[in-house]
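# Architecture at a glance
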Amino acid sequence: GEKDRAVPTTGSDDMVNSNPLGFTLNGYKGYKLKEDDKIDKLLWEEKIGPQYFFENYVSKRKPCIIDKFIDAEDWQQNRFDVRTLTDLAGDETVQVERRYDSSESFGQQRTKGRQVDLTLKLFINELCSGNENLYMTTQEYDGEYRMYGTPCRQLLEAGKIEAKPTLVGNLILQSCNMWLGRSKHGSSSGLHHDYHDNMYILIQGQKKFRLFSPDQAQYLATNGTIDRVYFNGRVSYMGSETLADGRPTTMDDISADNESVQNDDVVIGKGFDYVSSDEEEENIDWNDAKRDDFDCELNGEIDDDCSNKCGEEGSDEVAHTGEDFQPIDSFSRINLEKVSLNEFPLFVNTKHIEVDVESGQMLYLPCGWFHEVRSYSSSITLETKTVEKKLDKSFQDAHMALNYWFHPPDNLNDWTQPYNSTFWQDNVKKQTEGKYST
């Protein structure tokens, strides 16, 4: 049937297997965007359960918004307010991305020259003073894998956030991250896709998403050469291939059960997340792991004096150089604000939808869905009866979100056992040593 066919590129069907972009196979079988499509919006008050959510959205690879998922006012005043964040993690160092001016996007050029080490307290002070050229996203710790970076770990230990939303059932957590910045007119992430299923909770501000379903990957001019798109939307790139759940594609990692389920989708090659794929699963080198989305490698150490250079516009101390920039596979070369059809003629085949996410809502976005995010600050009036609340009032102009990434499920028929392998479950247990209940 139509839903089982790969979407052809312009021209003959042979171009699905060989086209100028190096695209080889789009086997995506999940939800595909239609003309004038709209995203489902669910009410959290309806007490949606893990089984319902999995069977209607996760298994169908269908995005949705869950309204009133959190009490935004409570989270702003009692969980993610300035005092709580600084009391719990104010002296902790966080990695902050800086842009040279407001015309640039965040995310694509996270190099040592654009990376700043600041204490969380100092970073918040910068935001409150009006700095719009800093953005805190995912964190790295000299290659060490941490499921919860600062300040998520401290918030979790203080009982301010869950280890993971109960709604996701048995999906396995990859990481939990905080996204914090400031932008009056909107800052862009650039068009890209994630490698993991995303539960994105907006605490403060506004976000506008432009979404493209994974069946359109061959039209979106990624930096990397696509090896294939799996049935669940997981995108695998040449030179860094994975299986549908993100496992490295070595012979030892492919079980007989997995081959029988998806033998047409298996590729033998080097695992995406690992420099070496010849090791047994228990010896995977997590220190060489690539990270998702904005969490690309920090090549080299951050300059010692970066904490005094916060990247304000017009700063004479900032050198506008390419430095260690390496294009990220999962990012598109297309600028959605001014698409050049001469340069990207296949873009005419695409269709997308725009989704506005408001504070208190959660967006579920399956892996492989391309998206560009524009983040906006919004002023929300709170009572400011004490001197201590003055900083909070300035902090209201920040945009803030919490996200949970989950390894993409490759068994879409059973919500109780969404993976065909215990690979990620075993490795999470090994890395966390049972510290967090996920």
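Coordinates for the structure precede this section.
In this report, we go over the structure that sits alongside the text.

Reading the values: rules and limits
- Residues numbered from 1 in each chain as written.
- Predicted model: local features only at pLDDT ≥ 70, side-chain atom pairs only at ≥ 80, totals over all residues.
- Heavy atoms only, no water.
- Pairing = 2+ DSSP bridges.
- Helix = DSSP H or I, 4+ residues; strand = E, 2+ residues; numbered from the N terminus.
- Axes fitted to C-alpha atoms, helices over the stretch in contact; angles between N-to-C directions.
- Contact = heavy atoms within 4.5 Å.
- Phe/Tyr/Trp six-rings, centres within 6.5 Å; stacked < 30°, edge-to-face > 60°.
- Buried < 20%, exposed > 50% of the residue type's maximum accessible area, 1.4 Å probe, protein only.
- Salt bridge = Lys/Arg side-chain N within 4 Å of Asp/Glu carboxyl O.
- Parallel < 35°, antiparallel > 145°, perpendicular 65-115°, else oblique.
- Nonpolar A, V, L, I, M, F, W, Y, C, P; charged D, E, K, R; others polar.

### Examining the sheet that holds strand 1 (residues 40-43)
Pairing within the open sheet is mixed, and its nine strands lie in the order 1-2-13-8-15-6-5-3-4. The open sheet has two free edges, formed respectively by strand 1 and strand 4 (115-119), since each of these has just one partner strand. The sheet shows a mean angle of 25° between the axes of neighbouring strands, taken without regard to direction. Pairing between strand 1 and strand 2 (residues 64-67): four bridges, direction parallel.

### Details of the side chain of threonine 86
The residue threonine 86 is located in helix 3 (residues 82-89) in this model. Setting aside chain neighbours within four positions, we find threonine 86 in contact with Lys121 and Ile124.

### Some details on the packing of aromatic side chains
Scanning the entire structure with this criterion turns up eleven aromatic pairs. Between tryptophan 179 and tryptophan 405 the ring centres are 5.9 Å apart and the planes differ by 85°, which places this aromatic pair in the edge-to-face class. Of this pair, tryptophan 179 sits in strand 6 (residues 173-181) while tryptophan 405 sits in strand 15 (residues 399-406), placing them 226 residues apart in sequence. Per residue, the accessibility class of tryptophan 179 equals that of tryptophan 405, and both read buried. With centroids separated by 6.4 Å and ring planes inclined at 85°, the aromatic side chains of tyrosine 195 and tyrosine 237 adopt a geometry described as edge-to-face. A residue pair is termed long-range when its members are at least 10 positions apart, and tyrosine 195 in the loop between strand 7 (187-188) and strand 8 (197-204) and tyrosine 237 in strand 11 (residues 235-237) qualify at 42 residues.

### Quick look at the pattern of salt bridges
Should their charged atoms come close, side chains of opposite charge can pair. A full pass over the atoms with the stated rule returns 13 salt bridges. Among the salt bridges present, the one from lysine 208 reaches aspartate 356, with a minimum N-O distance of 2.7 Å. Placement of the pair is lysine 208 in strand 9 (residues 206-212) and aspartate 356 in strand 12 (residues 353-358), with a sequence separation of 148 residues. On the basis of relative accessibility, which here comes to 27%, the residue lysine 208 falls in the partly exposed class. The exposure class assigned to aspartate 356 is partly exposed, which follows from its relative accessible area of 42%. The structure contains a network of salt bridges with shared partners spanning Arg210, Glu337, Glu372 and Arg374.

### Digging into the packing of helix 3 against helix 4 (residues 120-128)
Packed helices, taken two at a time, are described by their axes: the angle between them and the distance between them. Remark: helix 3 packs on helix 4, axes separated minimally by 9 Å, with the N-to-C direction vectors making an angle of 155°. In terms of axis orientation, helix 3 runs roughly antiparallel to helix 4. Contacts between helix 3 and helix 4 involve Val82, Leu85, Thr86 and Ala89 from the first element and Leu120, Lys121 and Ile124 from the second. Along the lines of polarity and charge, the residues of the contact of helix 3 with helix 4 split into five nonpolar, one polar and one charged.

### Considering the sheet that holds strand 9
The strand order across the open sheet formed by four strands is 7-14-9-12, and the pairing between neighbours is antiparallel. The two strands at the open ends of the sheet, each matched to only one other strand, are strand 7 and strand 12. Pairing between strand 9 and strand 12: six bridges, direction antiparallel. In the strand pairing of strand 12, lysine 207 is matched with valine 357.

That is the geometry; function is a separate question.
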